[in-house]
Amino acid sequence: KGVPVAGVMVDATIYPLAISHKRSDMLKNLGFNVMVDKVVSIKSQFRDPATMQPVELATSMQRYSLGAVFRYPFNKSATSPIIGASLNFGGQSFTIANNASADIPNVSYTVIDPMVFFKYPVSEKLTFNVDVGVMLFADTGEIQTTNSYGAASVTGFEGEVSADYMVTKNLFARAAFRFETIGFKFSGNGMKSNMRDADMAQDVFGARDTYLGGALTFGYAY
């Protein structure tokens, strides 16, 4: 938990066969997307039990993804609603230097992320967007090692709502709100899930990692 922190993000969805605006078949609706999101400055803090003074720890957070996307417009008008789906591969990490002192495990997720989206143009200038997805994990990093909390079943969900406003014919501004939550159910074979009170009985059964974020971006629509 903490106060909002600043970050930078680059996000692009490209439909190569639609660039010329000459095709009318469904292949023009096949494309790919790429995203990189990194926090500019963030620090973590814990209270040293020996001195009871706050101690700051260097922290970093970033995420990226690359995927294939398909869109299906309901008609050919400028205000046609669009549905679509994407399949993304990416990573996300939150790391704290000397995190053993703060007793918070670092995470480094490798994610396969199927998503669906819906775009609804209210007018030629304003469009509302909704994206939802399920996160499938190939790896989670330190948190599932035997020296940490051990093996776990992991489930994750994410979503984003946004609005696009066309400033000019091609330039647009986007305001977005993003939500992501990842739940762990530990099996009980990790040192930190079992040995917190000096016996082998399981003490920690689960954990949740949740992210909330907002973004204001500017883009070019071709």
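About the criteria used
- Residues numbered from 1 in each chain as written.
- Predicted model: local features only at pLDDT ≥ 70, side-chain atom pairs only at ≥ 80, totals over all residues.
- Heavy atoms only, no water.
- Helix = DSSP H or I, 4+ residues; strand = E, 2+ residues; numbered from the N terminus.
- Polar contact = N/O pair within 3.5 Å; in protein donor to acceptor, adjacent residues only side chain to side chain.
- Contact = heavy atoms within 4.5 Å.
- Pairing = 2+ DSSP bridges.
- Core = buried A, V, L, I, M, F, W, Y, C linked by side-chain atoms within 4.5 Å.
- Buried < 20%, exposed > 50% of the residue type's maximum accessible area, 1.4 Å probe, protein only.
- 1 Å grid on protein atoms, 1.4 Å probe; cavity = no way out; pocket = protein on both sides within 12 Å on 5 of 7 lines; lining within 4 Å.
- Points joined across faces, edges and corners; volume = space filled by probe spheres on them.
- Nonpolar A, V, L, I, M, F, W, Y, C, P; charged D, E, K, R; others polar.
- Phe/Tyr/Trp six-rings, centres within 6.5 Å; stacked < 30°, edge-to-face > 60°.
- Lys NZ or Arg CZ within 6 Å of the ring centre and 35° of its normal.

Caption draft 1: Highlighting the side chain of S80. Relative to the assigned elements, S80 resides in the loop between β4 (54–73) and β5 (82–96). A polar atom in the side chain of S80 sits 3.1 Å from the backbone nitrogen of F74. Not counting the four nearest positions on each side in its chain, S80 is found in contact with P73, F74, N75 and P121.

Caption draft 2: Here's a closer look at the side chain of R174. Along the chain, R174 falls in strand β9 (residues 171–186). Separated by 2.6 Å, the side chains of R174 and D164 make a polar contact. Every residue in contact with R174, bar those within four places of it in the chain, is listed here: D11, K119, N129, S162, A163, D164, A215, L216 and T217.

Caption draft 3: Layout of the pairing of strand β2 (residues 30–39). Pairing between strand β1 (residues 7–14) and β2: eight bridges, direction antiparallel. Note on β2: the bridge partner recorded for I14 is F32. Bridge count between β2 and β4: nine bridges; the pairing is antiparallel. Residue pairing for β4: V34 is matched across the bridge by L66.

Caption draft 4: Structural detail: the environment of L57. If you trace the backbone, L57 turns up in strand β4. Put simply, L57 and S108 are 51 residues apart on the chain and 18 Å apart in space, counted from C-alpha to C-alpha. In this view, L57 contacts K43, S44, F46, I96, A97, N98 and A102; residues no more than four positions away in its chain are not counted.

Caption draft 5: Highlighting the nonpolar core. If you look at the biggest cluster of nonpolar residues, it comprises 15 residues, and the most contacted ones within it are Y109, I143, F184 and F186. Residue assignment for this core shows that the elements contributing at least two residues are β6 (107–121) and β9. Among all residues touching F184, those that are not within four sequence positions of it are Y109, T140, I143, Q144, A152, S153, V154, F205, G206 and A207. Judged by nonpolar contacts, the second largest core, of five residues, contains A18, V69, I82 and F117.

Caption draft 6: Fine view of the layout of surface pockets. Reported here for the second largest pocket is a volume of approximately 1600 Å³. Along its surface, the second largest pocket is lined by 48 residues, and I42, M61, F94, T210 and Y211 are the ones closest to its centre. Looking at the lining of the second largest pocket, the elements that each hand over two or more residues are β1, β2, β3 (43–47), β4, β5, β6, β9 and β10 (206–220). With 12 residues, the single largest contributor to the lining of the second largest pocket is β10. Split into classes, the residues belonging to the lining of the second largest pocket amount to 28 nonpolar, 11 polar and nine charged.

Caption draft 7: Up close: the packing of aromatic side chains. Taken as a whole and assessed by the stated rule, the structure comprises six aromatic pairs. Put simply, the rings of Y109, F137, Y149, F184 and F186 touch in pairs and so form one group of aromatic residues. The side chain of R71 reaches across the aromatic face of Y15, ending 3.8 Å from its centre.

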